[in-house]
Structure formats: structure tokens, C-alpha cells
Amino acid sequence: MRTTGRPKHTNALRLLALASACFLSGVACGIAQEMPTRSRLFDETWRFLQGDPPSAATTNYDDRSWRALDLPHDWSIEGKFSPHNPPGGGGGYLPAGIGWYRKTFTVPSVWTGKRVSIYFEGVYMNAEVFLNGRTLGVHPYGYTGFWYDLTPLVDFGKDNVIAVRVDNSRQMNSRWYSGSGIYRHVWLCVTDPVHIGVWGVGITTPEVLPEVATVKVRTLLLNEGDVPHSIVLKTVVRDANAISRGEDQVRVDLGARSEKTVEQTLRLLTPSLWTPEGPHLYQAHVRVLRDGAVIDETRTTFGVRSIAYSVENGFQLNGKTVKLNGGCVHHDNGCLGAAAFDRAEERRVELLKSAGFNAIRTSHNPPSTAFLDACDRLGLMVIDEAFDGWKEGKTPYDYAVVFNDWWQRDVEAMVLRDRNHPSIIMWSTGNEIIERKKSEAIETATMLAHCVRTHDPSRPVTSAMTTWDKEWEMYDSLFAVHDIAGYNYQLHRAPGDHERVPGRIIVQTESFPRDAYANWRMVQDHPYIIGDFVWTALDYLGESGIGRWYYTGDVPGEHWEANMFPWHAASCGDIDLTGWRRPISHYRNLLNTGTEKLYMAVREPDPEPLHIKETLWSVWPTWESWTWPGHEGKDLQVEVYSRYPKVRLYLNTKLIGEQSTAEEHQYKATFSVPYASGVLQAAGVADSNEVEHITLRTANRAARISLHPDRRIITADGQDLSFVEITINDESGTPQPNAQNRLQFDVTGPGVLAGVGNADTKDLDQYVGTTRRVWHGRALAVIRSTRHTGSITLTARSPGLPEASVTITAKAAE
């Protein structure tokens, strides 16, 4: 046990003294990263108004006409698309502006003498918080958490009013869709004056062996009272079965108005290690006892694992070299916008894992806690990124406006909040920094990396660099201040760079989707290249038109060259906005894992007399379809991806041909097939035997609507979700991939329709509504629970088709 202390708070430490780690979510999904018993979710029964009325912060302001809602909330996603909306194509042509939130709550008299604080996980952006008409402060950055001590202004035993003004009116401030509002959770926290600091528990595993692991727990203890106290700090580590695996306790003397950091060391025998394949988790239960009574406690989830990196062995997890098959992700949830519902965040991780990714990069900001909790729980490694830019802006009102005043607080917020997540293997401080050619960039990079390492020396630091000219070697000094060099689209330079700078470890932090094989081969061949992260793993709102393919006559060129309206989202993801995996996703997974060995899709033919045009981040439109009316007798290009030595292709049981899919052919074969309706079948061939088959069938006319919920039972907590996939099928159940039916949705029972969408990034229907057109035969509807139990029925109707319904049960929380 080791303690360090100072007799008096600094202003920065006072910020840490507001509550007992009240900030981290995961309630709906079952695991909270650090959740004390005295914190409570504060998302219910807010009132909202889009606009900027005078006196809205005052206690007696009449907000009865405002809209009642529960958080999380993103008002931008509720708006209409327009080329005149100030965020422009970067923001998906959706509105922004100013909005107010208000909540009246009672503070019981029994809380007198306690510390009361409020924690916001994320508000986009420029959030000014008021309590009972008095301002508490302004937090500019939309992606880091922040908190305020309410105690001095609270009326104990009475009603209190919290008001939040959110200002996203200065545009543009982002290159992608940000959303607007209190889009992550809010927590109210009540603690004793003697308590554990916010983000005050830090856990590391400096020694990991099969027989034993060393666990170090550092706890920041605070005494905000005027009287000294002698307390006992007790820490118990439990495994997934809640069985104690080790404990330690120590007596600590805390002077009045003081703070002290206490380090405890525990040994875990035969530890279960955290890996993507087996994401074993432990929980550290840290309690503060005074006179035998618990006065504060936190439960911090962590994993036992080691990370190392070297030129010779690359990235190693628990002593084994692991290649990072990564993807970049933005923070939105498609038709839900930026609203960070726990289930939506968990679903994104499920989609990424099912697509074969073992790592993601949170481009270009810290993600929600719920997202990281899911990465811990499901086994997905993370590069946690702080900023898109530093001192020089990419848009007129982006983070560069506040960088000098806020960078340290925001970096500390990211690292201190996220340091206990075993999924995080690397920190990133920036992306394609504008000033990267200037010497000042080296000073800034050094400053940022030092700040990160001060709070977490256990992980490497990177930032993503690129250039579109020949001046690459000039970045050597900038790369040198990082532990790992992040290359955006420059992996082809790695072999030459290795000869020039043999000690450099490289990760490709962004790559073009179509370069999957070349990048995979580079990563496999060179130990100093630890992985590749495609741009992107998931489609996202904003950065409109990136990754699109288009027809002659459409707006030509790349997404930055013109107004892309009506395109309002990115189309470069391996996974589209509904969760459907594009063929490139199956190919990437086939290269990187053993979970998929055979896949088939058909390249969309040019719609004569028009032609399909590609862009830098696109791949040719390719579909799981053998339904091409109007192309009878015309050659179609059938792509087969295979890890078998050969493949055979049959049409209506007739052999079309056999081709090699060995590595010299990049595990691909392309067959030219005259189109005829029926059954197209590919076979994987090994030792002359057909060992696996995959089939595409021609669909007849649309005959019915099919609804497929990802979960039929959800929790009646006002937060839980069911994502319902809608397909249009023919009479035999074959999906009709050319269907474009308009659907009308109705919901009855204790649930609401939270969002509707499809994967057409040109579709201008609103995401919050009751109607949607299917695109390529698919759409998505999201059901949100209320706080009432019962049966929720979603009904979908379309002219000419029988209506279809599905029932989802909302049950009480356990």
C-alpha cells in the first residue's frame, strides 16, 4: 500500500471532488464500468424546446408548453433534410441551432450535509448548465463528460430546477454528423463529504502470468468537510461469478479539505485473461468505511491482460502477436442519430464483431461509455481517439476555436474516464492535423502525448497522419514523439520507411475499402505493421457522398468537390445504415478470420445507356441477388470469394465453370454468366470434393412483408430497444431485392417508434416518423420501451401487400 497526498484542493482537484464516480452507464445492458450505489440515472422527465427564449434558465420560467421527453435526445435527427441547413453536407444537411432542456426535481431534506453533483456523459455542444437560475459553467466539447457540484446552490427539502442551454448554432463545426442535444446519459450523484473522486479509481495489471497476475488499484480519496477523518479503504476483486479472488484494506487518515491517493496491490491466482475471443472481466469493489459503516463505494469493471509492441513482434496481447483487423467508426446510430442508447451502442459492437473485426478506432472523438462497456464485454479492441484537429481548424467553428483553453481538460477526461477498459489498447491524440508540416505540431504532439502518459503510462500513443503530396519524410520528427505511427492511406510507404527508420512501428489508421487484399497482405508480411483500419466499418450520417457510386447524369466527383444533396450520409462502410453487411465485409472477414470461407454476390451491371461511376472510397455496387429482370441473356459478373483452393459455379444445376481461388488470385473468382432466372450456386472445392455451397435464387413478385426483431423481449425502463429488420419477400419467402415499397408503421402498447430508416443515403424521408420506403427490399424500424410492461405490437402496411405484425414483450427490470 502506498499513499500520496496534499493538504488542500487545487481548482482542478475540486472538480474531481464532486461525486463518487457517478458517471458511467451500462445499466440497460447489465454492466456498469464504475457505478456507486449513491448515483442515479437522471434521464427521465425533462422538458425541451428548440429555440433560445429569454429567461429560460430562471426557476419560475413556465415550461409547461415545452415538449416532455426522456434522454438521451438528439434534436437534429428529428428535422427535415435541406441543402440550406447550416451544417451542410458535413452535417448530413440536417438542422442544428440552439435548444434548451429543463428538469424540476426534489432534493430531500435528508440529503442535507451530503455532496450533490450532476454528471453529463456528453452534450453536443457548448453546454451551459444552470441550477435555480445560477450558471454553473459552459462545457464546449461535445464528446467528453463533465460534472458540476450542485451543493452550494441546492435548496434542500424543496424543488430545484436544472436548465441546460445547448448551442450548436455556429456552423460548420464538424466534418461529419454530430447531432445536437443531451445525447448521452445524465447522472445525479449524492455522496458523503468523504468519498472517492470522480474517475478516482484506476486499475492496472502490470504483471500477467498464467499462474498469477498483479493488480494495482489506485484510489483518489477526498475529504470535502472541515473535520479530519480516519477511514478504512477496502478493495475486493471478484470474478464473473461474484466469487472473491483477492482483497486488501488499509486505514487512511484524511485531513480537513484534503485529498489522498492510495495504492493497493492484489494478486490473482490463475487469472482468466481478457482477449477478443474470451473477454473475461473482473470487478473491483472499492468501499470507504467510517466507524464500520460504508460511506461510499464503487464497482469498477476491468480485465486482466498485458499489451506490448515491438518492431520484431508487432502488437502482442498476453504475449501473443495479434494482427489488428480494424475499422473506423463515427458515433451515430443511423436512424437514431447521435442518441447513445445503451442497446444501440451494444448492437453496433455486435455488428462489428459479427463482421469479423477485432478492433475499431473511435474516429475522431471519445465514444460513449456504453460503447466501451460493450467492447469490454463482447471482446473488441479499441483505439480511443481524442480530437479531429488541434490548433488549426478544418471547419470555421471546430475544436481549434477552444483547443488552447480546453485540450488538457478534455484529454484528461478521456483518459481518466476510459483507462480501466481492457478493450482500449491505444490512445490517439488526433487525425490528419492541418498544421502537421509546421514545427509547432511537434510541440503540440509532445504536449498531448505527455498528458496521456501522465495519467496512463500503460498504453501506447498514436495519431493519424497523411499527406497527398511527396513531402512524407518531413513527418519523421512528428512520428517520433508517438509510440506507434498512424498512417492514413499511406501503407505503401511502410517498407521504404522501415529501411529509413527501422525502429518505427506502424498501424494504418485509415484505408480505402477496395484495398482490402493489398493491405491485408502488407500486414501479414511485415511484423512492424500491426494492423489496418478501413474507412469505414459502418456507414454514418454526414460527410455526405463519401464512398458513393453514382450514374452518369448525377452530381459528379468526390464528396468535397460539390454540393452532394440529396446524398446525406457516407456509403463507404463495410456495414450499411441498417446493419446489412456489404460484400466487401464478407471478403475482408474471409481474409482475416476462419469464420467465413465462401461467399457469392453479383456486380450490378451498367444501366444502359448510363454508366456506373466510382469514387475514391467506393466499391463497385455488388448485391446478394440473382434477380435481374430486363437482363435476360446478357452477361452478368458473378464474384465468388473463397478460402477453398477452387470454386465451381452452377446455374440451374448446369456447371458454368471452375476457377482457382488460391492466394495468387486474391481468394477471388469472377464468372461471366448469361442471366437466366433460377438458382445460382457456388461450391467450395477441396481435393476435388465440393465441401460447401452457397445459393442465390431469383425472386418472384413481392407478396408479403416480413418483420424480424433482433430481440423479442426488452426491458420496460424507457431506454431499451428492439431493432426490427423489414424485408419484402415473394410468396415462397425469397427476399425481393428490387422492392421499393413504401411502408406505413403503427405501434400499439407500451412502446414508441424511435426511428425508421433504410440504407439509401439519398432518401430524404425523415428518420423520425411513421413511414419509410424499402431500398433493395430492406428497411429498419426501432422500437423503444416506455416504463410500462406489456405487449408492444409493430404493424407494417404497404399498398397491395398483406399487413404484417410482430409482438415484442416489455418486461420489468430485474
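Residues numbered from 1 in each chain as written. Predicted model: local features only at pLDDT ≥ 70, side-chain atom pairs only at ≥ 80, totals over all residues. Heavy atoms only, no water.

A short note on the sheet that holds strand β31 (residues 598-603)
Logical step 1: Strands sit in the order β33-β31-β34-β37 across an open sheet of 4 strands; the sheet is antiparallel. Taken across any chain shown, the strands that pair with only one partner, and hence form the sheet edges, are β33 (622-623) and β37 (668-674).
Logical step 2: Two elements, β31 and strand β34 (residues 635-642), share 5 bridges in a ladder whose sense is antiparallel. Directly across from tyrosine 599, in β34, lies its bridge partner tyrosine 641. (Pairing = 2+ DSSP bridges. Helix = DSSP H or I, 4+ residues; strand = E, 2+ residues; numbered from the N terminus.)

Brief notes about helix α3 (residues 369-378)
Because an α-helix completes one turn every 3.6 residues, residues spaced three or four positions apart along the sequence face the same direction.
Logical step 1: With respect to burial, α3 is a largely interior element, 9 of its 10 residues being buried.
Logical step 2: Those residues of α3 lying buried are Thr369, Ala370, Phe371, Leu372, Asp373, Ala374, Cys375, Asp376 and Arg377.
Logical step 3: Residues of α3 that are buried make contact with β22 (324-329), α2 (342-354), β23 (359-362), β24 (381-385), α4 (403-418) and β25 (424-431).
Logical step 4: Following α3 by one or two positions, glycine 379 has its phi on the positive side, about 90°. (Buried < 20%, exposed > 50% of the residue type's maximum accessible area, 1.4 Å probe, protein only. Contact = heavy atoms within 4.5 Å.)

Observations concerning the confidence of the model for the protein chain
Low pLDDT marks regions whose predicted coordinates should not be analysed in detail.
Logical step 1: Within the protein chain, residue pLDDT values average 94, and 95% of them lie at 70 or more.
Logical step 2: Across residues 1-37, where pLDDT falls below 50, the model places 143 contacts with residues more than four positions away in sequence or in other chains. (pLDDT = per-residue confidence, 0-100.)

Brief notes about the pattern of salt bridges
Logical step 1: Under the criterion given, the structure shown has 56 salt bridges.
Logical step 2: Put simply, glutamate 346 and arginine 377 hold a salt bridge, and the shortest N to O gap is 2.9 Å. Of the two residues, glutamate 346 sits in helix α2 while arginine 377 sits in helix α3, which places them 31 residues apart along the sequence. Note on accessibility: glutamate 346 and arginine 377 belong to one class, buried. (Salt bridge = Lys/Arg side-chain N within 4 Å of Asp/Glu carboxyl O.)

Side note on unusual backbone geometry
Logical step 1: For the bond from glutamine 171 to methionine 172, the omega torsion is -5°, close enough to zero to count as cis.
Logical step 2: As for its position among the elements, methionine 172 is in the loop between β10 (158-168) and β11 (186-191).
Logical step 3: That bond from serine 363 to histidine 364 is cis: its omega, -10°, falls within 30 degrees of zero.
Logical step 4: Among the secondary structure elements, histidine 364 is positioned in the loop between β23 and α3.

Here's the deal with empty space enclosed by the protein
Logical step 1: Inspection of the entire model under this criterion finds 5 cavities of 30 Å³ or more.
Logical step 2: Its volume calculated, the largest cavity comes out at about 180 Å³.
Logical step 3: Along the walls of the largest cavity sit 19 residues, with Asp332, Asn333, Gly334, Arg348 and Leu577 positioned nearest its centre.
Logical step 4: Examining the composition of the lining of the largest cavity, we find that 4 residues originate from one element, α2, more than from any other.
Logical step 5: A class-by-class count of the residues in the lining of the largest cavity yields 10 nonpolar, 4 polar and 5 charged. (1 Å grid on protein atoms, 1.4 Å probe; cavity = no way out; pocket = protein on both sides within 12 Å on 5 of 7 lines; lining within 4 Å. Points joined across faces, edges and corners; volume = space filled by probe spheres on them. Nonpolar A, V, L, I, M, F, W, Y, C, P; charged D, E, K, R; others polar.)

Focus: the nonpolar core
Logical step 1: If you look at the biggest cluster of nonpolar residues, it comprises 104 residues, and the most contacted ones within it are Leu336, Leu352 and Phe387.
Logical step 2: Contacts of phenylalanine 387, omitting those with residues within four sequence positions, involve Tyr141, His364, Tyr399, Phe403, Trp407, Asp410, Val411, Thr429, Gly430, Asn431 and Leu448.
Logical step 3: Grouped together as the second largest cluster of nonpolar side chains are 29 residues, Trp46, Trp75, Val116 and Ile162 included. (Core = buried A, V, L, I, M, F, W, Y, C linked by side-chain atoms within 4.5 Å.)

Considering the packing of α2 against α3
Logical step 1: Look at α2 against α3: their axes get within 8 Å of each other, and the N-to-C directions meet at 45°. When the axis of α2 is compared with that of α3, the two are oblique. Remark: the crossing between α2 and α3 carries right-handed chirality. For the pair α2 and α3, contact is made by Asp342, Glu345, Glu346, Arg348, Val349, Glu350, Leu352 and Lys353 and by Ala370, Phe371, Ala374, Cys375, Arg377 and Leu378, respectively. (Axes fitted to C-alpha atoms, helices over the stretch in contact; angles between N-to-C directions. Parallel < 35°, antiparallel > 145°, perpendicular 65-115°, else oblique. Left-handed = near helix turned anticlockwise from the far one by under 90°.)

Here we look at the sheet that holds strand β5 (residues 97-107)
Logical step 1: The sheet built from 6 strands is open, its strands ordered β4-β3-β5-β10-β7-β8 with antiparallel pairing. Each of the sheet's edge strands pairs with one partner strand only, and the pair in question is β4 (67-69) and β8 (134-139). Averaged over all pairs of adjacent strands, the angle between strand axes in this sheet comes to 25°, irrespective of strand direction.
Logical step 2: The sheet contact formed by strand β3 (residues 46-50) and β5 spans 4 bridges and is antiparallel.

Section: the side chain of threonine 369
Logical step 1: As for its placement among the helices and strands, threonine 369 is situated in helix α3.
Logical step 2: Classification of threonine 369 as buried rests on a relative accessible area of 0%.
Logical step 3: Engagement of the side chain of threonine 369 in a polar contact is seen with the side chain of arginine 417, the distance being 3.5 Å. (Polar contact = N/O pair within 3.5 Å; in protein donor to acceptor, adjacent residues only side chain to side chain.)

A word on the environment of valine 190
Logical step 1: Looking at the secondary structure, you find valine 190 in strand β11.
Logical step 2: Given the relative accessible area of 5%, valine 190 is considered buried.
Logical step 3: Beyond its immediate stretch of four places on either side in the chain, valine 190 contacts Arg38, Arg40, Trp111, Lys114, Arg115 and Val116.

As for the packing of aromatic side chains
Logical step 1: All chains considered together, the criterion is met by 39 aromatic pairs.
Logical step 2: The interplanar angle of 85° and the centroid separation of 5.2 Å between the aromatic rings of tyrosine 93 and phenylalanine 565 together place this pair among those described as edge-to-face. Separated by 472 residues along the polypeptide, tyrosine 93 in the loop between β4 and β5 and phenylalanine 565 in the loop between β30 (550-551) and α9 (583-592) bring together distant segments of the chain.
Logical step 3: What makes tyrosine 93 buried here is its relative accessible area of 4%. (Phe/Tyr/Trp six-rings, centres within 6.5 Å; stacked < 30°, edge-to-face > 60°.)

Concerning the pairing of β3
Logical step 1: As paired strands, β3 and β4 are joined by 3 bridges and run antiparallel to one another. The residue of β4 that forms the bridge with phenylalanine 48 is arginine 67.

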